[in-house]
Structures are given as structure tokens and as C-alpha cells.
Amino acid sequence: MMDIRKHLAEHWLPPITGIVLFILLWAMLAHGSDTLPGPVKTWDSAVVLFSDPFYRKTPNDQGIGWNILNSLGRVGIGFGLAALIGIPLGFMIGRFDFLNKMTSPIVSMLRPVSPLAWLPIGLLVFKAANPAAIWVIFISSIWPMIINTAMGVRQLPQDYLNVARVLNLSEWKIFTKILFPATLPYMLTGIRLAIGTAWLVIVAAEMLTGGVGIGFWVWDEWNNLNVEHIIIAIFVVGIVGLLLEMLLVQIAKRFSY
Amino acid sequence: MKKYVQIENVQMSFETKHGPFVALKDIALKINPGEFITLIGHSGCGKSTLLNLIAGLIMPTDGVMLCADREIAGPGPDRGVVFQNHSLLPWLTCFENVHLAVERVFGATESKAQLAQRTQEALALVHLSHAEHKYPHEISGGMKQRVGIARALSMQPKVLLMDEPFGALDALTRAHLQDELMKIVAATNSTVVMVTHDVDEAVLLSDRIVMMTNGPAATIGEILSVDLPKPRNRVALANDAYYHCLRAVVLEFLYQKQARKAA
């Protein structure tokens, strides 16, 4: 009995206290303001919104579910393409010092650029909003994948390379049995960072490009002055981001040795 | 009689910021088939360097090194290496770790069933058949080292090279593995070169003890033949006057002739 209480007190009490205090603070702020809706009003609005998440009225008026799925789809494609190109590139940069020194100044220069700065280039090249948004996601998620994969390859313990040498393993065996498994945890860190950034960037990109998506939805509701929906969107973006992070942490746990 | 390993006038120096550093010089050693050789010396005397040279992991700056009359030009499956820190791949099971070596040496000529059988035989040799599906982090340090020995022996090397294989183990596990190693070597008639800093281990296991002088420019100081009858029993030897006499020779070399200033 004591154990359960202790467990509750240690693991559940602090976060629940935090959430309750947060909502109280929010309610207090909302009470003193005539524009910011309070928790109760937002909750009521969310109940209505989520009671029919998949309706389709016009191309620009669709359920919250479609908006989330569309944003996730863009992140998925942009991120997938980045993984497809970034991870092999990271392997090569990590393995060949010449390539590392060759690409390092370019990567260092381009990495700190806000991904949104690439949006006009995307619009120019693809002449459409949707691929341009995907392009921005691609650019924002490729750097962590290149950098972390390359770092993982460079951190490969000399012991494992010695094993490869004494056993006289072929390049293919070295890659599949030593290099890839040894680099995997680093790669997954890169993937986690990348998906975090991609989800961060998609809201801003969609605000600029429009179409169906959680980012544009926020902007649309701002134009409608529907502040409850904006607050709901903030929570939705936060919770989806958290779920993506948790999923990747679970995957990473399976591959830690 | 044919010499299995032949080392002539080998010198090894490394490039450093302060110019070349001579680690080993004038090394000459001939090792016979079936012989158990230990290399002993203070730390930093280059005994591991000498082992790495035989393994082919590094190339000598000067001199000739042969293994079964062929020049050592790099690592090869004719020389099985057991590393001090076991160096098992953590994402592979014990079976897979050994299989990797077996596959490399016999993969071209034997069927999958034969390869699996060789792997199982190697693990059975070190009494680890029950742990073949375990991962390295699931077994003890002594067991890991046994898998390392199984991996090296599974390639049927001409020479087994061991770099302080039991150095990281506790005294009881070490004694147990030494006894097992003696049995394995007797059963497989292996030629062994082993680096150690443990005088008892050297006398117990060796046919000859190669004692190395202190570096830099370390070389072979003395070679002691250990002609104690085999099989050897550590308990019986504990009261054997000749064993203690041999032990004293090594101790005298290490702590008087090659005494180190307090580090």
C-alpha cells in the first residue's frame, strides 16, 4: 500500500501539480482579459471540433483531423526524402576524410540558415505551394541526419575495426555487421532531432504556403479571430510533437547496446 | 623442424611530434609448432606491439616476419587474435560472433550446415554451448573472453595470439580460464603466443617465457625454457621446488635486472 502511494507521489504528483497550476494561471489570465478565452471555453470548443474531425466542406474548410494528417504527410515525405539522401551521405562523409573536409564548410554555413529562407527557392523551382513546403521540411531535417550519421561513423571504436581486420571481413560485411549497427544509435538521434525540427517548421511553412494543414489552419482561424481554435492548435501541435518524440525514443531504446 | 613463426631483426618505430620513437629493436624469435610462448615485461615495453606485429595489425619498420614460411603482410585467418577487452560485437549473439569468423574462413568451401556445426563445435570447446543465443551483455566477463577464444580458434589458425586475455578478470575466474586454456591447447595442439604481466600465469602455461627489456628500444632480454611436465596442475605446482625456481628467475629479471623506477 505504501509503495503505491510512494510511486504515485514520486511519479505522478509533480506533473499533475504542474498541469493544474498551468491551467489555473491560464484561467486567471483569461479572467482579466476580454480577448483570451479561458480553459473552459476552449475545452467546449475542442469538444465540438473533435466530435467531427473528418468533415470536408470546401477545399479550405476541412476537419481538424484532415489538417493534422496533411501536415504529417508533408513532414513524412520531406523527412523521408531527407533520410534517403542524408543518411547515405552521412555514411560517406564519416568514412572518407576527404569528403568530410570537402563538405564541412558548406554544411557549417547552410545549417544555421532558417529553413523558411529556402521557401522562395522551393516556390521558384516547383511552382506550387505543396512541394515547396515539403522542400522546406527536407532542408530542415537533412542537416541533423547528415551530421549525426557522420559522427556515428567517426566514433566507431577502434576495437571493432581491429576485429574486422583480424577476421579479414569484406567491405560489405564490415558495413552490415559492424559499421551500420554501430552507427544506428547516432543515426536515430539524428532522426529524432530532424523530426523535431521538421514538426517545428511545418507550422510556419504552412502559414506561408496555405492549403490544408495545421499551420494554415492556425492562420485561417486568426483571420476569423477564433482564438479558441488557435489555442487548440497549439495544444495539438504540442501533443503530436510529443508523440512523435516518444515513438522515436521507443525505437531508439530497442537499438541501444 | 619447420618454424611456424619467424621474426628476424625486427625494428618498430612510431612517428611522433618529437621525431621517431623506437619501440622495439633487434627482435629475433623463432616459434615452433605446438609451442606455447608468453611475452612478459613491464608495461610499455612493447610486448603488445610485438603481438600486433605478428597479427599483422601494424607493419615493422625494419626486419622480416614470417608465418609458416610466408611473409606477414597484414592480418590473416592463419593467425587468430584474442583481444584483452574481448571485442565481441554487442549486437550479435555469441553464436553470430563466432559464425562471423567461421563464415569468413570456410564460407566459400562449406555448406551452411557445416558452418553452423563448426560454430557450435568452437563454442562447445569453451563450454559455452548453453549460451550460444545470448548477447555479450548478458554473460559474464570470463564467458565473453571464452567466446573471444572460441572465435579465434574457430578459424583453425596456425597461431593463436592472445593479448593479456585474462588481464581484466578477477583472480578466481582467471585461474579457471587458465586451466581451460591448458586443456584446449592440449586438445587442439595449438601454437600460442600470449602477452601477460602475470608471472604465475607465464610459468604455468608456457613452454618458453620471452622476457622483454624496458623501452624505449625494448628488445628480448632473456628466454626461459619451462620444462615442467604436462599436464600441469596449479595445486601440485604450488609445492613444487622447480616451479618456484623458474618463477624466481622471471621475478629476478623483472624486478632486479629490469627494475623500474617507481612510476
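Our subject is the structure listed above.
These notes cover the structure that comes with them.

As for the interface of chain A and chain B
With 16 residues of chain A at the contact, the number on the chain B side is 21 residues. Of the roughly 1,800 Å² buried between chain A and chain B on both sides combined, carbon and sulfur atoms contribute 69%. Between the two partners, chain A and chain B, sit 1 salt bridge. In this structure, Glu103(B) and Lys173(A) form a salt bridge, with 3.1 Å as the shortest nitrogen-oxygen distance. When contributions to the side of chain A that touches chain B are tallied by element, the ones reaching two or more residues are α7 (158–166) and α8 (171–209) of chain A. Broken down by element, the side of chain A that touches chain B gets its largest block of residues, 6 residues, from α7(A). In the side of chain A that touches chain B, the residues fall into 9 nonpolar, 3 polar and 4 charged.

Some remarks on the packing of helix α3 (residues 64–95) of chain A against α8(A)
All names here are of chain A. Interhelical geometry of α3 versus α8 gives an angle of 140 degrees and a closest axis separation of 8 Å. Our pair here, α3 against α8, has a crossing hand that is right-handed. Considered class by class, the residues forming the contact of α3 with α8 number 16 nonpolar, 2 polar and 4 charged.

Topic: the pairing of strand β2 (residues 19–31) of chain B
Residue and element names in this part refer to chain B. Bridge count between strand β1 (residues 5–16) and β2: 9 bridges; the pairing is antiparallel. For Gln-6, the partnering residue across the bridge sits in β2 and is Lys-30. Counted between consecutive antiparallel strands, the loop separating β1 from β2 contains 2 residues.

Here's the deal with the sheet that holds strand β8 (residues 191–196) of chain B
Residues and elements named next belong to chain B. Judged by pairing direction, the sheet is mixed, and its 6 strands sit side by side in the order β6-β7-β8-β3-β9-β10 without closing on themselves. Looking along the sheet, the strands with just one partner apiece sit at the ends: β6 (79–82) and β10 (220–225). Within this sheet the neighbouring strands show an average axis-to-axis angle of 15 degrees, counted without direction. Two elements, strand β3 (residues 36–40) and strand β9 (residues 208–212), share 4 bridges in a ladder whose sense is parallel. Following the sheet pairing, Thr-38 is matched in β9 by Ile-209.

Rules and cut-offs
- Residues numbered from 1 in each chain as written.
- Chains lettered and ligands numbered in written order.
- Predicted model: local features only at pLDDT ≥ 70, side-chain atom pairs only at ≥ 80, totals over all residues.
- Heavy atoms only, no water.
- Contact = heavy atoms within 4.5 Å.
- Buried area = accessible area lost by both parts, 1.4 Å probe.
- Salt bridge = Lys/Arg side-chain N within 4 Å of Asp/Glu carboxyl O.
- Helix = DSSP H or I, 4+ residues; strand = E, 2+ residues; numbered from the N terminus.
- Nonpolar A, V, L, I, M, F, W, Y, C, P; charged D, E, K, R; others polar.
- Axes fitted to C-alpha atoms, helices over the stretch in contact; angles between N-to-C directions.
- Left-handed = near helix turned anticlockwise from the far one by under 90°.
- Pairing = 2+ DSSP bridges.

Any functional reading would require information that these geometric values do not contain.
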